[in-house]
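# Residue-level structural notes
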Amino acid sequence: MDDTTEAKLAVLDAMNTSLGKITNVQIRLTLAGETDLANQLDTHRQALLAQIEKLQGQVADQWTVKAAALTEKLQAANGDLQTRIQNIKNQVDVANNAIQIIGQIDGALKLLETVVP
Amino acid sequence: MKVPLTKPQSRALALLLVLGVIVLGAGCASVDTGPFTQFASSLQSLRTGSDSQAGAAVTASRQELVEKVATGEVSPGALQLEVDNPSNPYVTSYGFAEKEPNFAKLIRFRQGLAALNDAMIAYAQSLVVLSGGGQGGDILPTSAQFDQMAQDLNANAGTAASALGVNIGPDQQALLSTVAVQLFKAYIENKRRKDLAEAIGEVQPRIDEFSHAAQEAVHFLATMVNTDYDKKVLPLATVQPPNATPILNLNDTTQATLATLEALSSSYGAVRDAHRDLKAATAKKPSGLSGLIALTNEAIRLQGFVNQLAKANATAAAATQ
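This is a predicted model, so every value here is computed, not measured. (Residues numbered from 1 in each chain as written. Chains lettered and ligands numbered in written order. Predicted model: local features only at pLDDT ≥ 70, side-chain atom pairs only at ≥ 80, totals over all residues.)

### Side note on the overall build of chain B
- Across its full length, chain B carries eight helices and two strands.
- The helix and strand sequence of chain B, counted from the amino end, reads α-α-β-β-α-α-α-α-α-α.
- Here chain B holds 321 residues, and 44% of them are scored as buried.
- Pairs at least 24 residues apart make up 76% of the contacts formed inside chain B by residues separated by at least 6 positions. (Helix = DSSP H or I, 4+ residues; strand = E, 2+ residues; numbered from the N terminus. Buried ≥ 20, exposed ≤ 12 C-beta atoms within 10 Å, placed from the backbone. Contact = placed C-beta atoms within 7 Å.)

### Some remarks on the interface of chain A and chain B
- In this complex, chain A contributes 24 residues to the contact, which on the side of chain B involves 23 residues.
- Elements that contribute at least two residues to the side of chain A that touches chain B include exactly α1 (5–31) and α2 (35–60) of chain A.
- When residues in the side of chain A that touches chain B are grouped by element, the largest group, 13 residues, is from α1(A).
- Considering only residue class, the side of chain A that touches chain B consists of ten nonpolar, nine polar and five charged. (Nonpolar A, V, L, I, M, F, W, Y, C, P; charged D, E, K, R; others polar.)

### What to know about helix α6 (residues 193–237) of chain B
- Here α6(B) is 45 residues long and its end C-alpha atoms lie 63 Å apart, about the 66 Å a rise of 1.5 Å per residue gives.
- Bending of α6(B) peaks at approximately 40° at the position of Gln204(B), with proline Pro205(B) no more than four residues after it. (Expected span 1.5 Å × (residues − 1). Bend = angle between axes of the 7 residues up to and from the residue.)

### Comments concerning the confidence of the model for chain B
All names here are of chain B.
- With 86% of its residues at a pLDDT of 70 or more, chain B has an overall mean of 82.
- Looking across chain B, the model is least confident in helix α1 (residues 7–21), with a mean pLDDT of 49, and most confident in helix α7 (residues 244–281), with 93.
- Note on residues 1–7: pLDDT under 50 across the span, and 16 contacts to partners over four residues away in sequence or across chains.
- For the stretch residues 17–28, pLDDT sits under 50, and the model shows 22 contacts to residues farther than four places along the chain or on other chains.
- Across the predicted assembly, pTM comes out at 0.80 and ipTM at 0.74. (pLDDT = per-residue confidence, 0-100.)

### Re the pairing of strand β1 (residues 82–85) of chain B
All names here are of chain B.
- One ladder, built from three bridges, connects β1 with strand β2 (residues 88–93); its direction is antiparallel. Residue pairing for β2: Val83 is matched across the bridge by Thr92.
- Linking β1 to β2, which pair antiparallel, is a turn of two residues. (Pairing = 2+ DSSP bridges.)

Below is the structure:
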């Protein structure tokens, strides 16, 4: 693999971390009976999943983008997600935190579109 | 990323076999063949482990495609093969699909990884022959035979390098540089251990590149496993009434797979020091060789994880029946 593959793999790792956290939020919302919020989140989760799969296809086919800066941004977004998950766990402003998470996923997707147009 | 069939690979192996039986009447420097044989044997274990993991990724991706077609997310029309070039009826692709399915890309990825392993194994086996550990014992190939061998090794390595994006040397030889070939030939002609040691040293940067590329390939497989886990855990965790067993089974197989991949990555990492040790192994009384010992241990550890994973998979399969 080429020199930047390591950086690209780091992006995939960060995206998987986001996916894991979002999946956990969706599980909690579903189990709490927050069906509407869970469904809204699911749409965005599916979009993130599609983007991850697209990137994985590109790695398998030697995709070539500069990814290190993106990883940093995704890692920061993951830190923020963790705080919001904690709030949802503690039943603090569940709806608002879930909506903020959806907004963050959209932000991440926009960022990722610069990687895989 | 097109991976041609590795014809030179079989030619290289055939040549190695021939070399094993041709008597050229020339003696050679007495080199301990043990470390070279051990190196080649460990690489075989790595090949088996990595191919089974890459194969599992292909299978998982194929199954997902089947599910997407069943739910209408992907049209069956996208699965029809198309002949790329009418003048070449042997090559087809998923040309009718809006985008090529990931599983087709993963098949090529698996072939690329296999080509990389094959290139390293063929090189390791040629070192066994050069150290006098082939079927012909102390009988070494002629310079002309070695030229052919080097050409084949570079062709195999070139296939792998192009499949996995490995940087090749400034002289565009994927594995054995012009200098390395000259040093190996000097060893064949003069039977001096020093030449063999220098030749191995000359190949070291290429082995470093290849082992690094293999580690990245294994890292990539780990990302596939993690994504797959998050896809599968959501429906299991939200099912009513709640049932922990399928989640725990999924956790077991996922963790066993990741542990196997981690062991595989460590093993590939150990290849660098083990190859470096081969240089020292050409000495009259080699000592230490801790890199080779580490690689052997990693290969054994890997086998343990592979066995554990097989058990976890069998348990999970039994639970779903």
